Amino acid sequence: MHITTIISIFLFAAVHGAMAVTPGCGKTPPASGTKTIGSNRQYILQVPANYNSSRPYQLIFGFHWLGGNMNNVAPGYYGLRDLAREGAIFVAPNGLDNGWANTGNRDTTLVNQILTEIQNTLCVDETKIFATGFSYGGGMSYSLACSNANVFRAVSVIAGAQLSGCTGGETKIAYLGIHGVQDSVLAVSNGRQLRDRYLRVNGCQAKTAPEPARGADSTFIKTEYTCNPGFPVWWIAHGGDHVAGPSGTNWMATQTWDFWTRAIYEGVGSPPGGTTSPLPPSSTAAPPSSTQVPQPQPTGNCAARYAQCGGQGWSGSTCCESQASCQVVNQWYHQCL
Ligand SMILES: *[C@@H]1O[C@H](CO)[C@@H](O)[C@H](O)[C@H]1NC(C)=O
């Protein structure tokens, strides 16, 4: 091989390594719509309008809740698609049995298959792959944080729990948790437990995280932890119940967007690639006066109603407060109901 050929191959590889773009760059894109993988799995793909195959895009996964499906996530993607202003590729995978039990890691496998398909057909900035979801979809996003932290840059877990397992879970990943203090489906203690893993893994400084009184989901308090640069943890507690989006202004979407496009780069220089859309003017709800309100406490050392009480990898309490009993939801999650 001629030396200049070798040099140009080397340069090509070096430049592309630095830019961290995918083999799909430069190719004719697939159409947006529902895609099938294997015999029984689907996802919705949203390719940006005016897609430019020379430009690396952010890639965002949105996971549905229990009883929902991919059509509940697309086309709005929890309010994020508006904020992305056609600057991101969106994917809404479809769960089996309308959930993300992730039995034998079948849903992690699905996500890996989707990633391969998309990386081979679309131009993705590999440093900007994100996941979010509500409830079971939050559990699946958390599970990916545990297993695929080398692929996903950050996750936003809305009202989640360790519902889809946590294989791995010792690799740093930027983590945003959002939870209602009066969540009557997955108690707020679930959200705190997921957060606490990443406070530890990301090496965050201890900090008091005040939570609002039980009340409106439009009222929230955000705690920004100082962690290893590039791996912040944010915890946002709101006054409401188990909701995918607050009434009124969707502050959950704007907070997630701010986290993914700005906060994760603090202390590590400007975002690589330079394709990040700036955050539109935010209409943040005024933080309420921060009073620490006592939460319902479990009896003795047993878990409270709607809290986790077992499942593979669980090391907390396995008994429930009186009037609740520990019930198996799936292999990863048993809940006091
Ligand atoms: C496509 O993106 C590349 C790289 O950012 C840019 O140089 C080019 O002008 C874009 N093409 C169009 C038609 O916008």
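Residues numbered from 1 in each chain as written. Predicted model: local features only at pLDDT ≥ 70, side-chain atom pairs only at ≥ 80, totals over all residues. Heavy atoms only, no water.

What follows is about the pairing of strand β1 (residues 33–37). Here β1 pairs with strand β2 (residues 41–46) via 5 bridges, running antiparallel. Residue Thr34 lies in a different strand from β2, and its bridge partner there is Ile44. The turn linking β1 back onto β2 is made up of 3 residues, and Gly38 within it adopts a positive phi angle of 65 degrees. (Pairing = 2+ DSSP bridges. Helix = DSSP H or I, 4+ residues; strand = E, 2+ residues; numbered from the N terminus.)

Another point: the site of the ligand. Neighbouring the ligand are the residues Asn52, Ser54 and Arg55. At 2.3 Å, a side-chain N or O of Asn52 approaches an oxygen atom of the ligand. In isolation the ligand offers 360 Å² of accessible surface; the protein chains occlude 25% of this area. (Near = heavy atom within 4 Å. Polar contact = N/O pair within 3.5 Å; in protein donor to acceptor, adjacent residues only side chain to side chain. Areas by Shrake-Rupley, 256 points an atom, 1.4 Å probe, with all protein chains shown as cover.)

Right, let's talk about the packing of aromatic side chains for a bit. Aromatic rings considered in pairs are described by the distance between their centres and by the relative angle of their planes. A complete count under the given rule lists 13 aromatic pairs for this structure. Here the aromatic cluster, defined as three or more aromatic residues joined through ring pairs, consists of Phe61, Phe63, Trp100 and Phe152. Arg195 extends its terminal NZ or CZ atom over the ring of Trp235, reaching a point 4.8 Å from the ring centre. Just above the ring of Trp234 sits the side chain of Lys222; from NZ or CZ to the centre is 3.7 Å. (Phe/Tyr/Trp six-rings, centres within 6.5 Å; stacked < 30°, edge-to-face > 60°. Lys NZ or Arg CZ within 6 Å of the ring centre and 35° of its normal.)

Attention now goes to the sheet that holds strand β3 (residues 57–63). Judged by pairing direction, the sheet is mixed, and its 9 strands sit side by side in the order β1-β2-β4-β3-β5-β6-β7-β9-β8 without closing on themselves. Edge positions in the sheet fall to β1 and β8 (220–225), since each has one partner strand and no second. Adjacent strand axes in the sheet meet at a mean angle of 15 degrees when their direction is disregarded. Strands β3, β5 (124–134), β6 (154–158), β7 (174–180), β8 and β9 (233–238) of the sheet are contacted by helix α7 (residues 251–261), whose axis makes an angle of about 165 degrees with β7. (Axes fitted to C-alpha atoms, helices over the stretch in contact; angles between N-to-C directions. Contact = heavy atoms within 4.5 Å.)

Here the focus is the sheet that holds strand β11 (residues 326–330). Read across the open sheet, the 3 strands follow the order β10-β12-β11; overall the sheet is antiparallel. If you trace the sheet from one side to the other, it starts and ends with β10 (308–310) and β11, each paired once. Mean inter-strand twist for the sheet, computed between neighbouring axes without regard to direction, equals 45 degrees. Strand direction decides the pairing type here: β10 and strand β12 (residues 333–336), joined by 2 bridges, are antiparallel.

A word on helix α4 (residues 106–121). In a regular helix each residue adds 1.5 Å, so 16 residues correspond to 22 Å; α4 covers 23 Å between its end C-alpha atoms and thus fits that length. Next to the buried residues of α4 lie β1, β2, β3, β4 (88–93), β5 and α5 (136–147). (Expected span 1.5 Å × (residues − 1).)

UniProt's feature table lists "domain: CBM1" (unreviewed entry) at residues 301–337, given in the numbering used throughout. Across residues 301–337, helical content stands at 0% and strand content at 32%; the span's end C-alpha atoms are separated by 16 Å. (UniProt positions renumbered as here; feature names shortened; annotations may be inferred.)

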